[in-house]
Structures are given as structure tokens and as C-alpha cells.
Amino acid sequence: MTAQTTTASGAAFAGVLQRQGAAVVLVLGIAAAWFAFPHFGSADNLRNLVLQGSFLAVIALGMTFVIISGGIDLSVGSNYALGGVLAAYGAQYGLVVAILLPLAVCSLIGFVNGLLIARTGMAPFIVTLASLLFARGLLLALTAEGATTYKVDPGSAFLWLGQGTIFGIGVPVYLTLVLFALGGLLLRRTRFGQSVFAIGGAEQSAVLMGLPVARTKISLYTLSGALAGVAGILTAAYLQSGVTVIGVGTELDAISVVVIGGTLLTGGAGTIIGTLVGVLLRTLIQNVINQIGTLDSNYQTVVSGAFLLVVVVIQRLLARSRTR
């Protein structure tokens, strides 16, 4: 075997490891938890695990598109909370209002983000940070500084979206899987998806190729805002109220699971299935800490942060090995 062949094989292996490493860790983690904790493998625990992960997964789906394009969206956490409050508020006027009101508002916030980023050249970090503050401020204004909590009537059909089950598994799980399937098709099988990769890989080259860069960016941030609103809708239906304190730090959770799933923060590379694996891996870590019982819940954040740091370092090392 020549040195050139060995180098090519090593680069290929590094690429596979970068894309599938989280999946390997997830499988090993599930196997270890299954044997270490008797309750882990119970049907109730597994159903709860995937249900709890579904809300973050919907937000992370939108974040995946944004990060692949080389951007970032810090407003999703506030949009998520705002969407939940608007959904609970709208539920008193019927199912349609409960769904369309948060979708319209959160999509509009995302649209403004994309418009400012694409048309003015402002940094995504600054624009979406401002939107984070705007959405959170609007949320506080609607709830009298958090003093008002909108409740959903127990007989409302809206609650089925969060509390309903199909074959014993929560409806949010099925909706999340449908959204991920559609997201995967959009990213891999359409010109829009190819434009997202091209913009993230080399934006100036994408412009020279004649790709609709500005339009694509606007669509990306609108999609991210809309999906954050969907997560808020599902959470409001699950909790039967618009909780004002949720969403704080959720944008960082979404970024972390996207990166853990193999999407590069620098843009140009990533997968939808990788993000789903990242969500499951983070949920698994939280569940294991809960199974241990003697650890404070704050360790969930410590472990997640440490794991993210390790993943980013490994990604950097693998990227270097592939370019040698």
C-alpha cells in the first residue's frame, strides 16, 4: 500500500468518524446505560426520553440549516418561549388561532432576522441577539412581566398536539420525525438545500455562481423562527399553559446538539440525521444523570458543556487530518 493510498484512507476514515462519531457514542451510551440502570430500558423511560428530546429537536432542526449556511440564530430560545405563550393565549379562540398566531409571529421575527442579515450585511450574531431581546421583551409585555400565565382549557383539542399518544408514543415525537424527514429532503434533494451548502462553504463563490444568496438566507432564518414557534406550540400543548420562564439558554442547547451531530460551526457541512443523533445523545446524558440520582441536575449542563468542547476539538483535529 502506497503512502498516498494510506493518506487517502486516513482522510476517508476521518470524514466518516466526523459524520458518524456521535452515532457510535450514542449506541455505546445506550448499551452502557441499559446494563447499568435497570429502569433505563423500561418502556416508560424510553418513551419519556424521546418525548423530552422532541421539543429541542424541532428547534435544532432549524438551527442546522442556519449553521450549515455559516450563520447563527440566537433568537430561537426567546422565540420558543414566545411561541408557547402565544399558543396558550390563542387556544381560547380555537385550534387554528393557537397554531397560526405563534407561527406567524415567530416566522415574522425570523424573516426580519434574515432580511437584516442578507440585505444589510450585518453579523448574524448581532442581529439575532437583538431579536432574542426583542422576543423576550415582547413575551414579558404580554404576560405583565411574567405575572400572567395563560392556561389552556382542559377540553381543548389543542392539547392533543402535546399530550396525545399514538401506539403509546407521544404525538410530538411523530411530528418531530415528520419534520426531520421533510428537512432531510429539503436539504439533500432540492436546489435550496444545495444553495445552503454552497453559501456555507464559500459565500462569495455562491454569489459568483448566481445562486440566490440573499433569498436563501431570508428563507433560512424564517424557517428557524417558524420551527422555534412550532416547538413552543407543542410545549404549550404538553404543559397545558404558556410558561414564561422556558427558553432561557435553549439557543445554546440547540447549537450544541447541532455541533455534536457533526455540523461544522464554520458552515458548509452537516446532516439532519446527525442533529437528531445529537439531540438523543444530549437527552441520554440528562437521563443517565437522573438515573444516578445522587448528582445535582446542574451537572447536566456541566457534562453537556464538557462534551461539546471535546466534540469541537475532535472536529478540528479531524478537519486538519483530512486536509493533509
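Conventions adopted
As a convention, each chain's residues are numbered from 1 in the sequence order in which they are written. Per-residue local features of the predicted model are confined to residues with pLDDT of at least 70, and side-chain atom pairs are confined, for both listing and counting, to 80 or more; whole-chain, interface and lining totals are unaffected and use all residues. The side-chain quantities take in all heavy atoms of the structure and omit both hydrogens and water. Only DSSP runs of H or I reaching four residues or more are called helices, and only runs of E reaching two or more are called strands; each is numbered from the N terminus. With a 1.4 Å probe rolled over the protein chains alone, any residue whose accessible area is under 20% of its type maximum counts as buried; one over 50% counts as exposed, and the rest are partly exposed. Note on contacts: a residue pair qualifies if any of its non-hydrogen atoms lie within 4.5 Å across the two residues. Only the protein chains shown count as cover for residues, and all accessible areas are computed by the Shrake-Rupley method using a 1.4 Å probe. By nonpolar core is meant a set of buried Ala, Val, Leu, Ile, Met, Phe, Trp, Tyr and Cys residues that side-chain atoms within 4.5 Å join together. In this analysis, the protein atoms alone were mapped onto a 1 Å grid. Cavities are point sets where a 1.4 Å probe fits without being able to get out; pockets are open sets with protein on both sides within 12 Å along at least five of seven lines; lining residues have an atom within 4 Å of a point. Grid points are joined across faces, edges and corners, and a volume is the space filled by probe spheres set on the points. Each residue receives one of three labels: charged for Asp, Glu, Lys and Arg, nonpolar for Ala, Val, Leu, Ile, Met, Phe, Trp, Tyr, Cys and Pro, and polar for the others, Gly being one of them. The rule for a salt bridge is simple: a side-chain nitrogen of Lys or Arg has to be within 4 Å of a carboxyl oxygen of Asp or Glu. Classification of ring pairs rests on two measures: the distance between centres of Phe, Tyr or Trp rings, Trp counted by its six-membered ring, which must be within 6.5 Å, and the angle between planes, read as stacked under 30 degrees, edge-to-face over 60 and tilted in between. The axes are straight lines fitted to the C-alpha atoms, using for helices just the contacting stretch, and the angles between their N-to-C directions are given from 0 to 180°. To sort the angles, those under 35 degrees are grouped as roughly parallel, those over 145 as roughly antiparallel, those from 65 to 115 as roughly perpendicular, and the leftovers as oblique. The crossing is said to be left-handed when, going from far helix to near helix, the turn is anticlockwise and less than a right angle, and right-handed when the turn is clockwise. UniProt positions are given in the numbering used here, feature names are shortened, and annotations may be inferred rather than shown by experiment. Per residue, pLDDT captures the predictor's confidence, and it can take any value from 0 to 100. Here, expected helix span is obtained from the residue count minus one, scaled by 1.5 Å. Polar contact criterion, stated in full: a pair of N or O atoms within 3.5 Å, where within protein one must be able to donate a hydrogen and the other to accept it, and residues adjacent in sequence count only if both atoms are side-chain atoms.

S.K.: Mind laying out the overall build of the protein chain, listing which residues take part and the relevant values?
M.R.: Each helix and strand counted, the protein chain has 13 helices and two strands in total. The buried share of the protein chain, taken over its 324 residues, is 47%. A sequence separation of at least 24 residues applies to 76% of the contacts in the protein chain between residues at least 6 apart. If you sum the accessible surface of the protein chain, you get close to 15400 Å²; carbon and sulfur atoms cover 68% of it.

S.K.: Can you break down the nonpolar core residue by residue, with the values?
M.R.: Within the largest apolar cluster, 58 residues are counted, with the highest numbers of intra-cluster contacts made by M63, F158, L187 and I255. When residues no more than four places from it in sequence are discounted, the contact partners of I255 are M63, I67, I72, L74 and L265. Residues F37, F40, V277 and L281 belong to the second largest nonpolar core, which totals ten residues.

S.K.: Would you mind going over the layout of surface pockets in detail, with residue names and values included?
M.R.: There is about 560 Å³ of room inside the largest pocket. In terms of lining, the largest pocket is formed by 23 residues, of which the most central are Q52, L56, D253, R282 and Q286. Elements represented by at least two residues in the lining of the largest pocket include exactly α2 (43–68), α10 (213–239), α11 (250–260), α12 (272–292) and α13 (299–323). Considering each element in turn, the lining of the largest pocket owes the most residues, seven residues, to α2. Among the residues making up the lining of the largest pocket, the classes are represented as nine nonpolar, twelve polar and two charged.

S.K.: An account of the pattern of salt bridges is needed here, citing residue identities and associated values.
M.R.: Here the structure, examined in full by the defined rule, presents three salt bridges. Across the pair R47 and D44 runs a salt bridge, and its minimum N-O distance is 2.4 Å. Here R47 and its partner D44 are both found in helix α2, three residues apart, which amounts to about one turn of the helix. R282 is paired through a salt bridge with D253; the nearest N and O atoms lie 3.0 Å apart. With R282 in helix α12 and D253 in helix α11, this pair connects stretches of sequence that are 29 residues apart.

S.K.: Could you give me a rundown of the packing of aromatic side chains, with the residues and numbers involved?
M.R.: Enumeration according to the criterion identifies four aromatic pairs in this entry. Measuring from centroid to centroid gives 5.5 Å for F55 and Y238, while their planes differ by 45 degrees, and the two rings are tilted. Of the two residues, F55 sits in helix α2 while Y238 sits in helix α10, which places them 183 residues apart along the sequence. The rings of Y89, Y93 and Y150 are connected pair by pair, giving a single aromatic cluster.

S.K.: Can you explain the packing of helix α4 (residues 95–120) against helix α5 (residues 124–142)? Please cite residues and give values.
M.R.: Look at α4 against α5: their axes get within 9 Å of each other, and the N-to-C directions meet at 155 degrees. Overall, the two elements α4 and α5 adopt an arrangement that is roughly antiparallel. Of the two elements, α4 crosses α5, and the hand of that crossing is right-handed. Contact with α4, carried on its side by I109, N113, L116 and I117, involves P124, V127, T128, S131, F134 and A135 of α5 and no other residues of that element.

S.K.: How would you sum up the UniProt feature "transmembrane region" (unreviewed entry) in the protein chain? Please name residues and give values.
M.R.: Following the UniProt record, the feature "transmembrane region" (unreviewed entry) maps to residues 20–37, 49–72, 92–118, 125–144, 164–187, 218–239, 254–281 and 302–319 here. Taken as a whole, residues 92–118 contains 89% helix and 0% strand, while its terminal C-alpha atoms sit 37 Å from one another. Summarising residues 254–281: 61% helix, 0% strand, and an end-to-end C-alpha distance of 13 Å.

S.K.: Go over the confidence of the model for the protein chain with me, naming the residues and quoting the values.
M.R.: Looking at the protein chain as a whole, the pLDDT averages 86, with 86% of positions reaching at least 70. Mean pLDDT across the secondary structure elements of the protein chain bottoms out at helix α1 (residues 3–36), with 66, and peaks at α4, with 95.

S.K.: Tell me about α12, and name the residues and values.
M.R.: For α12, which comprises 21 residues, the first-to-last C-alpha distance of 31 Å matches the rise-based estimate of 30 Å (1.5 Å per residue) to within 8%. A large share of α12 lies buried, amounting to 16 of its 21 residues. Of the residues flanking the start of α12, the one acting as N-cap is T271, its side-chain oxygen 3.0 Å from the backbone nitrogen of G274.

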